[in-house]
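An overview of the molecular structure
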Amino acid sequence: GNVSQEVNLPVGNGKQTFKWLANAAAYLFVHVGIRDGMHISSRNRKYYQMPCNTQLLPKNVYTEDTPFLHPDDVINQNLKEGTKVFVELYDK
């Protein structure tokens, strides 16, 4: 099933690209997930632990209003401060 985790990822002045943001989010998702586990949305709220060999890569980056953010675009040129960004990942 789908697993989701919300992480707060400070980007400073936002001069990084969405590719950087997606890779940083993937790194945090895997490393925080391996250390702390994550919850799967379900009736029973089962606890999920990722295998240590998980290699997740970014698949899509978007906001509620923008269905696709180009990897080479700069964050502060496209989003306002505090905008929630979603990063979809896939297992390599």
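Each value, and the rule that gives it
- Residues numbered from 1 in each chain as written.
- Predicted model: local features only at pLDDT ≥ 70, side-chain atom pairs only at ≥ 80, totals over all residues.
- Heavy atoms only, no water.
- Helix = DSSP H or I, 4+ residues; strand = E, 2+ residues; numbered from the N terminus.
- Buried < 20%, exposed > 50% of the residue type's maximum accessible area, 1.4 Å probe, protein only.
- Areas by Shrake-Rupley, 256 points an atom, 1.4 Å probe, with all protein chains shown as cover.
- 1 Å grid on protein atoms, 1.4 Å probe; cavity = no way out; pocket = protein on both sides within 12 Å on 5 of 7 lines; lining within 4 Å.
- Points joined across faces, edges and corners; volume = space filled by probe spheres on them.
- Nonpolar A, V, L, I, M, F, W, Y, C, P; charged D, E, K, R; others polar.
- pLDDT = per-residue confidence, 0-100.
- Contact = heavy atoms within 4.5 Å.
- Phe/Tyr/Trp six-rings, centres within 6.5 Å; stacked < 30°, edge-to-face > 60°.
- Core = buried A, V, L, I, M, F, W, Y, C linked by side-chain atoms within 4.5 Å.

A few words on the overall build of the chain. Scanning the chain for helices and strands turns up 1 helix and 4 strands. Secondary structure elements in the chain, listed N-terminal to C-terminal, are α-β-β-β-β. Within the span of the chain, comprising 92 residues, buried residues form 24% of the whole. Carbon and sulfur atoms provide 48% of the accessible area of the chain, an area that totals close to 6900 Å².

Moving on, we get to the layout of surface pockets. Empty space within the second largest pocket amounts to approximately 170 Å³. Every residue along the wall of the second largest pocket is listed here: Thr63, Glu64, Asp65, Thr66, Leu69, Asp73, Asn78, Leu79, Lys80, Thr83 and Lys84. Within the lining of the second largest pocket, the residues separate by chemical class into 2 nonpolar, 4 polar and 5 charged.

Further remarks concern the confidence of the model for the chain. The predicted coordinates of low-pLDDT regions are not to be read in fine detail. On average, residues of the chain score 82 in pLDDT, and 76% of them are at 70 or above. The lowest-confidence element of the chain is strand β1 (residues 38–39), averaging 49 in pLDDT; the highest-confidence one is strand β3 (residues 56–62), averaging 93. Low pLDDT, under 50, characterises residues 39–46; the predicted model gives this stretch 11 contacts beyond four residues in sequence or across chains.

Attention shifts here to the environment of Val87. Inspection of the secondary structure assignment puts Val87 in strand β4 (residues 86–91). Along the backbone, Val87 and Leu57 are 30 residues apart, and their C-alpha atoms lie at a distance of 9.7 Å.

What describes a pair of aromatic rings is the distance from one ring centre to the other and the angle between the planes of the rings. Evaluation of the coordinates by the stated rule reveals 1 aromatic pair. Measuring from ring centre to ring centre gives 5.3 Å for Tyr62 and Phe86, while their planes differ by 20°; the resulting arrangement is stacked. With Tyr62 in strand β3 and Phe86 in strand β4, this pair connects stretches of sequence that are 24 residues apart. With relative accessibility at 24%, the residue Tyr62 sits in the partly exposed group. Taking the relative accessible area as the measure of exposure, Phe86 reaches 28% and is therefore partly exposed.

Let us now look at the nonpolar core. The biggest cluster of nonpolar side chains holds 7 residues, and these are Phe18, Leu21, Ala22, Val61, Leu69, Ile75 and Leu79. Per-element accounting of this core gives the leading share, 3 residues, to helix α1 (residues 18–36). Not counting chain neighbours up to four residues away, the residues in contact with Ile75 comprise Val11, Gly14, Gln16, Thr17, Phe18, Trp20 and Leu21.

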